[in-house]
Amino acid sequence: KSKDSKCEIVNLFLMANQQAALLLQRQLAELNKNPVEGFSAGLIDDDDVYRWEVLIIGPPDTYYEGGFFKAHLTFPRDYPLKPPKLKFISDIWHPNIDKSGDVCISILHDPGEDKYGYEQPEERWLPIHTVETIMVSVISMLADPNDESPANLDAAKEWRENKEEFKKKVARCVRMSQEGAFD
């Protein structure tokens, strides 16, 4: 019996994996057919639907305007039950993006209760989210940083206390992103 149950578990895993791959292929096809303003997306490697490269256009009327920021979106095999990870490849100075480029926003946190009590469960990952809802949230985060829950303490402190210095660092990131946008 235990051999049968192991086979069942493996089969369930493979089915879930197939479902995730199909869902991601559908979302990518939809984004290619009906692009969403503010970003574009594609596969890093055509043979791996779980790893995407996104190009985020700095939102108008923000410090990030004019920037072309590259990021990688990596999906878990049990997507959409668990959220993907988003990591900026381009240098970016922002309170909610840590110094290694990892994005820290509620929508990308595992579903359920926040052990720190900061986020409501409905603010966290839900399986109904799509690449589009994730990217719209990230673009919104660029426009309106949450300095109450920073991933980059230095950027958050500067955002609150020294806007001119913050603006200078972001402007440098925007310039660098423009120079490297089409590499």
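Thresholds applied
Residues numbered from 1 in each chain as written. Predicted model: local features only at pLDDT ≥ 70, side-chain atom pairs only at ≥ 80, totals over all residues. Heavy atoms only, no water. Helix = DSSP H or I, 4+ residues; strand = E, 2+ residues; numbered from the N terminus. Buried < 20%, exposed > 50% of the residue type's maximum accessible area, 1.4 Å probe, protein only. Contact = heavy atoms within 4.5 Å. Salt bridge = Lys/Arg side-chain N within 4 Å of Asp/Glu carboxyl O. Core = buried A, V, L, I, M, F, W, Y, C linked by side-chain atoms within 4.5 Å. Pairing = 2+ DSSP bridges. Axes fitted to C-alpha atoms, helices over the stretch in contact; angles between N-to-C directions. Arc of directions from axis to C-beta. Polar contact = N/O pair within 3.5 Å; in protein donor to acceptor, adjacent residues only side chain to side chain. pLDDT = per-residue confidence, 0-100.

Trainee: Can you help me understand the overall build of the protein in this one?
Mentor: Helix and strand content of the protein: 4 helices and 4 strands. Helices and strands in the protein line up, N terminus first, as α-β-β-β-β-α-α-α. Split into buried and exposed, the 183 residues of the protein put 39% on the buried side. For the protein, contacts bridging at least 24 residues in sequence account for 54% of all contacts bridging at least 6.

Trainee: Hey, could you run me through the pattern of salt bridges in this one?
Mentor: A side chain with one charge can pair with a side chain of the opposite charge if their charged atoms come near. Enumeration according to the criterion identifies 7 salt bridges in this entry. Here Asp 154 ties to Lys 99 by a salt bridge, and the two come within 2.4 Å at their closest N and O atoms. Highlighted residues: Asp 154 in helix H3 (residues 153-161) and Lys 99 in the loop between strand E4 (85-88) and helix H2 (131-143), separated in sequence by 55 residues. In this structure Asp 154 comes out as partly exposed when scored by relative accessible area, which is 42%. The exposure class assigned to Lys 99 is exposed, which follows from its relative accessible area of 61%. Note that Lys 157 is salt-bridged to Glu 161, the shortest N-O span being 2.8 Å. Separated by 4 residues within a single helix, Lys 157 and Glu 161 lie in helix H3, roughly one turn from each other. In this structure Lys 157 comes out as partly exposed when scored by relative accessible area, which is 43%. Judged by its relative accessible area of 55%, Glu 161 falls in the exposed class.

Trainee: When you look at the nonpolar core in this model, what are you seeing that I'm missing?
Mentor: Across soluble globular proteins, nonpolar side chains have a tendency to be buried as a group. Counting 42 residues, the largest nonpolar core has Phe 39, Trp 52, Ile 56, Phe 88, Val 103 and Val 138 as the members making the most contacts within it. Those elements that place two or more of their residues in this core are helix H1 (2-33), strand E1 (39-43), strand E2 (51-57), strand E3 (68-74), E4, H2, H3 and helix H4 (163-180). Considering every element that reaches this core, the biggest residue donor is H2, with 7 residues.

Trainee: Looking at this structure, how should I read the sheet that holds E4?
Mentor: Pairing between sheet strands relies on hydrogen bonds along the backbone, with the strands arranged either parallel or antiparallel. Reading across the sheet, the 4 strands line up as E1-E2-E3-E4 and stay open at both edges, with antiparallel pairing between neighbours. Unpaired on one side and paired on the other, E1 and E4 mark the two borders of the sheet. Across the sheet, the axes of successive neighbouring strands diverge by a mean angle of 25 degrees, strand direction being ignored. Where E3 meets E4, 4 bridges bridge the pair, whose relative direction is antiparallel. Across the sheet, His 72 pairs through a bridge with Lys 87, a residue of E4. Sheet contacts for H2: E1, E2, E3 and E4; angle to E2, the most-contacted strand, approximately 40 degrees.

Trainee: How should unusual backbone geometry be read in this particular structure?
Mentor: Glycine aside, the phi torsion of most residues is negative, and most peptide linkages are trans. For the bond from Tyr 79 to Pro 80, the omega torsion is 10 degrees, close enough to zero to count as cis. Although it is not a glycine, Asp 61 adopts a positive phi angle of roughly 60 degrees. Checked against the element boundaries, Asp 61 lands in the loop between E2 and E3.

Trainee: Whenever I open this one, H3 confuses me. Can you help?
Mentor: What sets the pattern is the α-helix's 3.6 residues per turn: residues three or four places apart point alike. Along H3, the positions that sit buried rather than exposed are Ala 155, Ala 156, Glu 158 and Trp 159. Here the buried residues of H3 occupy an arc of 165 degrees about the axis, which is enough to place them on one side. Exposed positions of H3 whose direction lies more than 90 degrees from the buried face are Leu 153 and Glu 161. The distance from a side-chain oxygen at the start of H3 to the backbone nitrogen of Asp 154 is 3.1 Å, and the residue carrying that oxygen is Asn 152.

Trainee: It is not clear to me how the side chain of Glu 158 should be interpreted in this structure. Could you clarify?
Mentor: Note that Glu 158 resides in helix H3. Glu 158 gets classed as buried once you look at its relative accessible area, which sits at 12%. Sequence-distant contacts of Glu 158, that is, excluding residues within four places in its chain, are made with Trp 93, Lys 163, Glu 165, Phe 166 and Lys 169.

Trainee: Just to check I follow, could you spell out the confidence of the model for the protein for this structure?
Mentor: Regions with low pLDDT carry predicted coordinates that are not meant to be interpreted in detail. In the predicted model, the protein carries a mean pLDDT of 90, and the fraction of residues at 70 or more is 89%. Mean pLDDT in the protein bottoms out at H1, which sits at 75, and peaks at E4, which reaches 98.

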